[in-house]
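Architecture and fold: a report
Listed here are the chains, written in short residue letters.
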Amino acid sequence: YSPPTQYVSLLENPFQNLQMFFMPALLNAMTQAGMQLRTVRTVTLDVMRTDYVRTAWAKGTPERRVMFRHAFRNGLIPVVTIIGNSVAGLIGGSVILENIFGIPGIGNQVISAIGNRDYPLVQGCVLVFALFTMVVNLLVDISTILSAAKVHVSSLNARSTADGFALISLAVDVSDSQQLQAVMR
């Protein structure tokens, strides 16, 4: 396998563009795959040993319903959290992979800005990386709340700290997911 050496836009030649991004995407995904698979296995085994899953089996509930309705939904929470926490590592890996494979992107821009000592550009790129990580973590928190039937937002409190920053606390209670959906609207 030899990726194309010249960048080709997705609109110009979609096949060559996808061929160019295949190897970097595969390498970036493989860096996290082992940890993700291990987490999924451990969480699934833990959830399968819980009382409500054993009760569902004892009642004669079909295997597919037990797996998806009981085990999968509750086992998804730690897996999604781990995926959200690994975003920063994926961003760092993409910076390196963009330079190795010659892909024009923000990671390549950061490396060239460091070489040129363009510190405002470096700060701007790091800010974009940080904002992306924050948005992904926010989406992880929202998906955790929506995927768990027992978790919902009961109150959102904001107060100012001594240095002028707003401190936001989110109270989470055990309840029905329909109440959460009403709060989120």
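Everything below is about the structure shown above.
What this report covers is the structure whose coordinates are included nearby.

1. Topic: the overall build of the chain
Within the chain, the regular secondary structure consists of 7 helices and 2 strands. Counted from the first residue to the last, the chain has its helices and strands arranged as α-α-α-α-α-α-β-β-α. Here the analysis covers contacts within the chain between residues at least 6 apart in sequence; of these, 48% occur between residues at least 24 apart. In the structure as shown, the chain presents an accessible area of about 12,700 Å², 64% of it carried by carbon and sulfur atoms.

2. Focus on the environment of Arg 49
Looking at where Arg 49 falls in the secondary structure, it is placed in the loop between helix H1 (14-48) and helix H2 (51-58). Along the primary structure Arg 49 and Ala 71 are separated by 22 residues, whereas in three dimensions their C-alpha atoms are 9.6 Å apart.

3. Thoughts on a nonpolar patch on the surface
A surface patch of nonpolar side chains, about 310 Å² in accessible area, is lined by Phe 22, Leu 26 and Met 30. Residue position: Leu 26 is located in helix H1. Here Leu 26 falls in the partly exposed class, since its relative accessible area comes to 35%.

4. Points about the layout of surface pockets
There is about 160 Å³ of room inside the second largest pocket. For the second largest pocket, the full set of lining residues is Val 40, Thr 44, Met 67, Phe 68, Ala 71, Phe 72, Gly 75, Leu 76 and Val 79. Mapped onto the lining of the second largest pocket, the elements with two or more residues apiece are H1 and helix H3 (63-85). Ranked by residue count, the leading element in the lining of the second largest pocket is H3, at 7 residues.

5. Some points on the nonpolar core
Most often, soluble globular proteins have nonpolar side chains that are buried together. Val 80, Val 87, Ile 91, Val 95, Val 110, Cys 125, Phe 129, Val 136 and Val 140 form the largest nonpolar core, which has 9 residues in total. Ranked by residue count, the leading element in this core is helix H6 (residues 119-147), at 4 residues. Among all residues touching Val 136, those that are not within four sequence positions of it are Gly 84 and Val 87. Counting residues in hydrophobic clusters, the runner-up holds 6 residues, among them Val 43, Val 47, Ala 56 and Val 66.

6. What about the pattern of salt bridges?
A pair can form between side chains of opposite charge whenever their charged atoms are brought close. Under the defined criterion, the tally for this structure stands at 2 salt bridges. Where Arg 54 meets Asp 51, a salt bridge forms, and the shortest distance between an N and an O atom there is 2.4 Å. Of this pair, Arg 54 and Asp 51 both sit in helix H2, 3 residues apart, roughly one helical turn.

7. What to know about the packing of aromatic side chains
Considering all chains together, one arrives at 2 aromatic pairs under this definition. The interplanar angle of 85° and the centroid separation of 6.5 Å between the aromatic rings of Tyr 7 and Phe 21 together place this pair among those described as edge-to-face. Of this pair, Tyr 7 sits in the segment before H1 while Phe 21 sits in helix H1, and the two are 14 residues apart along the sequence.

Thresholds applied
- Residues numbered from 1 in each chain as written.
- Predicted model: local features only at pLDDT ≥ 70, side-chain atom pairs only at ≥ 80, totals over all residues.
- Heavy atoms only, no water.
- Helix = DSSP H or I, 4+ residues; strand = E, 2+ residues; numbered from the N terminus.
- Contact = heavy atoms within 4.5 Å.
- Areas by Shrake-Rupley, 256 points an atom, 1.4 Å probe, with all protein chains shown as cover.
- Patch = residues over 30% accessible without salt bridge, like charges linked within 9 Å, V, L, I, M, F, W, Y side chains within 5 Å.
- Salt bridge = Lys/Arg side-chain N within 4 Å of Asp/Glu carboxyl O.
- Buried < 20%, exposed > 50% of the residue type's maximum accessible area, 1.4 Å probe, protein only.
- 1 Å grid on protein atoms, 1.4 Å probe; cavity = no way out; pocket = protein on both sides within 12 Å on 5 of 7 lines; lining within 4 Å.
- Points joined across faces, edges and corners; volume = space filled by probe spheres on them.
- Core = buried A, V, L, I, M, F, W, Y, C linked by side-chain atoms within 4.5 Å.
- Phe/Tyr/Trp six-rings, centres within 6.5 Å; stacked < 30°, edge-to-face > 60°.

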